[in-house]
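# Structural features, examined
So the chains spell out like this:
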Amino acid sequence: MSSALSPSAWLRGSRRPSWLSDPKVLRTEVLGGLVVALALIPEAISFSIIAGVDPAVGLFASFTMAVTIALVGGRPAMISAATGAVALVIAPLNREHGFGYLVAAVILAGVFQIVLGALGVAKLMRFVPRSVMVGFVNSLAVLIFMAQVPEMTDVPWPVYPLIAAGLAMMVFFPKLTTVVPAPLVSIVILTVITVAAGIAVPTVGDKGDLPSSLPVPGLPDVPFTLDTLTTVAPFAFAMALVGLMESLMTAKLVDDITDTRSSKTRESVGQGVANIVTGFFGGMGGCAMIGQTMINVRVSGARTRLSTFLAGAFLMVLCIVFGPVVSDIPMAALVAVMVMVSVATFDWHSIAPRTLRRMPLGETVVMLVTVVCVVATHNLAIGVVVGSITAMVVFARRVAQLAEVTAVTDPDGATVVYRVTGELFFASSNELVGQFSYGTDPDRVVIDLSAAHIWDASSVAALDAVGTKYAQRGKTVEIVGLNEPSARMHKTLSGELAGS
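Residues numbered from 1 in each chain as written. Predicted model: local features only at pLDDT ≥ 70, side-chain atom pairs only at ≥ 80, totals over all residues. Heavy atoms only, no water.

## Re the pattern of salt bridges
Following the criterion strictly, the structure yields seven salt bridges and no others. Ionic pairing is found between aspartate 255 and arginine 75, a salt bridge with its closest N-O pair at 2.6 Å. Here aspartate 255, found in helix H10 (residues 226–258), pairs with arginine 75, found in the loop between helix H4 (55–72) and strand S1 (80–81); they are 180 residues apart in sequence, far enough to count as distant. Judged on exposure class, the residue aspartate 255 and its partner arginine 75 are both buried. Across the salt bridge formed by glutamate 363 and arginine 398, the nearest N and O atoms sit 3.9 Å from each other. With a gap of 35 residues between them, glutamate 363 in helix H17 (residues 361–377) and arginine 398 in helix H18 (residues 380–400) connect regions that are remote in the sequence. Residue glutamate 363 is classed as partly exposed on the basis of its relative accessible area of 27%. Members of the salt-bridge network, linked through shared partners, are Arg75, Asp255 and Lys264. (Salt bridge = Lys/Arg side-chain N within 4 Å of Asp/Glu carboxyl O. Helix = DSSP H or I, 4+ residues; strand = E, 2+ residues; numbered from the N terminus. Buried < 20%, exposed > 50% of the residue type's maximum accessible area, 1.4 Å probe, protein only.)

Take a look at the structure:
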């Protein structure tokens, strides 16, 4: 009998999407995608302005990124679209060389991301400490809120009661029902009020013209020469790194929120594929969007790829079919949604007095450094890198303090035994040489490393230096108790590090 499943049997199997069999899940995914699409429009237009391109370029990028990553990405329900971080990276290239070079950079960045994903760059995520992750989340919440401040300054006074009303609806409406996402209800009601009452407030249409047709694929308008490659490559590589870092951090955050795991390698490659597709459709490229992802996952409760796909599809439908209606949406409604997202995203427990009293000072410092760097640079990738480096320094300093040396002299006075405990690496071994009494010790010295571990060449060089100092005084040194990895490293490097 053949083991192959018929199409109907396959649909009945475990691989069948949950939204096909559960109407409640389908409704959640559809409405979540719609809310995200509405929130994407002003963001994409704003990022287009940052990059110095037409608003349609950012909207096309958001469409192609979302639809493509929904099919090839590794983290279901995560939203990828045009982002501010990518816009900041490629804006100088567009300004200095033109739009064709920007598109070429987006395509090349996608190639770089596929290569980096295949090489296992996603595995580096294991080196991001929890304190950096908390700082990443908190700084993200701060940036989301800060991005709304321009929409709340130098605006007509009705904007403020509209924002307050939107926030109130999102807080209290879920107490009545969760069938329809509160952000969607807030957006619809505030739009109806402003249009019906003729209230003059900034709208989505004020951000720029919406596209009236679908994007058309094509090649970038650049000469295909080595000179073009050398011009584009640095920007493309920077974009690839920033995009991957933000996407992988966002994927990890969604993993934690949903208590599920995702393939970071597939996500890395998927981001590359999505950027290549976006480039060929004339988009500005992008990566995972934390704010919109939080709307989709935390606020709307979406969990599958359908919401991501529909976010991109609805975006184009809203722009092309319902452009005039979407243009009338007051920015106050979207500002209220994003403020609520920033409040929900911030880890308030991390700054509670009780938590700060119990948390080691180094962990709090790492979190604060991450937040300050991100807020100061408006670049999440820089904050994560600086925070991770700070965490490594704090960890090395803490572990180095655990290395101790104690001496015991035999009763006959002919031998002294030094017992070394702790981890020996560059930070702790630098102090090792000064822990011995070279001039007053007896002729035979035993260094017991049974409670220690040698991690690097610096430690071997330190032990060699100790042996050399004793040898200069005519004394012998014996090292005992090495575990297998330490013994192997010591045997390989001892005597080969002259001048260290």
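## Overview of the environment of leucine 167
With respect to the helices, strands and loops of the structure, leucine 167 is situated in helix H8 (residues 159–176). When the C-alpha positions of leucine 167 and threonine 83 are compared, they lie 25 Å apart, and in sequence the two are 84 residues distant.

## A short note on the sheet that holds strand S4 (residues 415–424)
Read across the sheet, four strands follow the order S3-S4-S5-S6 without closing on themselves; strand pairing throughout is mixed. Every other strand in the sheet has two partners, leaving strand S3 (404–409) and strand S6 (476–480) as the edge strands with one partner each. When the angles between neighbouring strand axes are averaged without regard to direction, this sheet yields 20 degrees. Pairing analysis gives five bridges linking strand S5 (residues 444–454) to S6, with the strands arranged parallel. Bridge pairing in S6 places arginine 444 opposite threonine 476. Each of S4, S5 and S6 is contacted by helix H20 (residues 457–471), which is oriented at about 175 degrees to S5, the strand it contacts most. (Pairing = 2+ DSSP bridges. Axes fitted to C-alpha atoms, helices over the stretch in contact; angles between N-to-C directions. Contact = heavy atoms within 4.5 Å.)

## Notes on a nonpolar patch on the surface
Nonpolar side chains collect at one region of the surface, where Leu214, Val317, Ile320, Val321, Phe322 and Val325 lie side by side and expose about 510 Å² of accessible area between them. Inspection of the secondary structure puts valine 325 in helix H14 (residues 323–327). (Patch = residues over 30% accessible without salt bridge, like charges linked within 9 Å, V, L, I, M, F, W, Y side chains within 5 Å. Areas by Shrake-Rupley, 256 points an atom, 1.4 Å probe, with all protein chains shown as cover.)

## Quick word on the pairing of S4
As paired strands, S3 and S4 are joined by six bridges and run antiparallel to one another. Counterpart to alanine 407 in the pairing with S4 is tyrosine 418. Between S3 and S4, which pair antiparallel in sequence order, lie five residues; one of them, glycine 413, sits at a positive phi of approximately 75 degrees. Relative to S5, S4 is paired through nine bridges, and the arrangement is parallel. Each residue of the ladder has a partner; that of arginine 419, found in S5, is aspartate 448.

## Remarks on the packing of aromatic side chains
As enumerated under the stated definition, the model contains seven aromatic pairs in all. Measuring from centroid to centroid gives 5.2 Å for phenylalanine 425 and phenylalanine 426, while their planes differ by 85 degrees, and the two rings are edge-to-face. Plain terms: the ring middles of phenylalanine 436 and tyrosine 438 are 6.2 Å apart, the flat faces sit at 40 degrees to each other, and that makes the pair tilted. Taken as a pair, phenylalanine 436 and tyrosine 438 share a single burial class, namely buried. (Phe/Tyr/Trp six-rings, centres within 6.5 Å; stacked < 30°, edge-to-face > 60°.)

## Some details on the environment of isoleucine 114
Locating isoleucine 114 in the fold gives a position in helix H6 (residues 99–118). As for isoleucine 114 and glycine 270, which are separated by 156 residues in sequence, their C-alpha atoms are 7.5 Å apart. Residue contacts for isoleucine 114: discarding those within four places in its chain leaves Val269, Gly272, Val273 and Ile276.

## Here we look at the confidence of the model for the chain
Within the chain, residue pLDDT values average 88, and 96% of them lie at 70 or more. Considering only residues more than four positions removed or in separate chains, one finds that residues 1–14, a stretch of pLDDT under 50, has three contacts. (pLDDT = per-residue confidence, 0-100.)

## A closer look at H4
Between its first and last C-alpha, H4 extends 26 Å over 18 residues, near the 26 Å set by a 1.5 Å rise per residue. Of all 18 residues making up H4, 16 are buried, and the element is well covered by its neighbours. Looking at where H4 begins, the residue whose side-chain oxygen comes 3.0 Å from the main-chain nitrogen of alanine 56 is aspartate 54. (Expected span 1.5 Å × (residues − 1). Polar contact = N/O pair within 3.5 Å; in protein donor to acceptor, adjacent residues only side chain to side chain.)

## Some words on unusual backbone geometry
For residues other than glycine, phi is negative in most cases, and the peptide bonds are mostly trans. Residue aspartate 154 is not a glycine yet carries a positive backbone phi of 55 degrees. The residue aspartate 154 is located in the loop between helix H7 (130–148) and H8 in this model. A positive phi angle, near 55 degrees, is found at aspartate 259, a position not held by glycine. Mapped onto the fold, aspartate 259 is located in the loop between H10 and helix H11 (264–280).

## Remarks on the packing of H4 against H11
The packing of two helices is summarised by the inter-axis angle and the distance between the axes. In contact at an axis separation of 8 Å, H4 and H11 are set at 145 degrees when each is read in the N-to-C sense. Crossing handedness for the pair H4 and H11: right-handed. For the pair formed by H4 and H11, the contact residues are Ala61, Thr64, Met65, Thr68, Ile69, Leu71 and Val72 on the first element and Arg266, Glu267, Gly270, Gln271, Val273, Ala274, Asn275, Val277 and Thr278 on the second. (Left-handed = near helix turned anticlockwise from the far one by under 90°.)

## Quick look at the pairing of S5
Among the 11 residues that make up S5, eight are buried, leaving the element largely enclosed by the rest of the structure. A crossover links S5 with its parallel partner S6, the connecting element being H20, and its sense is right-handed. (Right-handed = clockwise from strand over helix to strand, strands pointing away.)

## Details of the nonpolar core
The biggest cluster of nonpolar side chains holds 105 residues, and the ones touching the most others in it are Ile41, Leu59, Phe136, Met284, Ile295 and Leu315. If one sorts the elements of this core by residue count, helix H3 (residues 23–51) sits on top with 12 residues. Discounting residues that sit within four places of it in the chain, leucine 59 has contacts with Ile41, Ala44, Ile45, Ser48, Leu210, Pro211, Leu315, Met316 and Cys319. By size, the runner-up hydrophobic cluster in this structure holds 19 residues, among which are Leu424, Val445, Ala462 and Val466. (Core = buried A, V, L, I, M, F, W, Y, C linked by side-chain atoms within 4.5 Å.)

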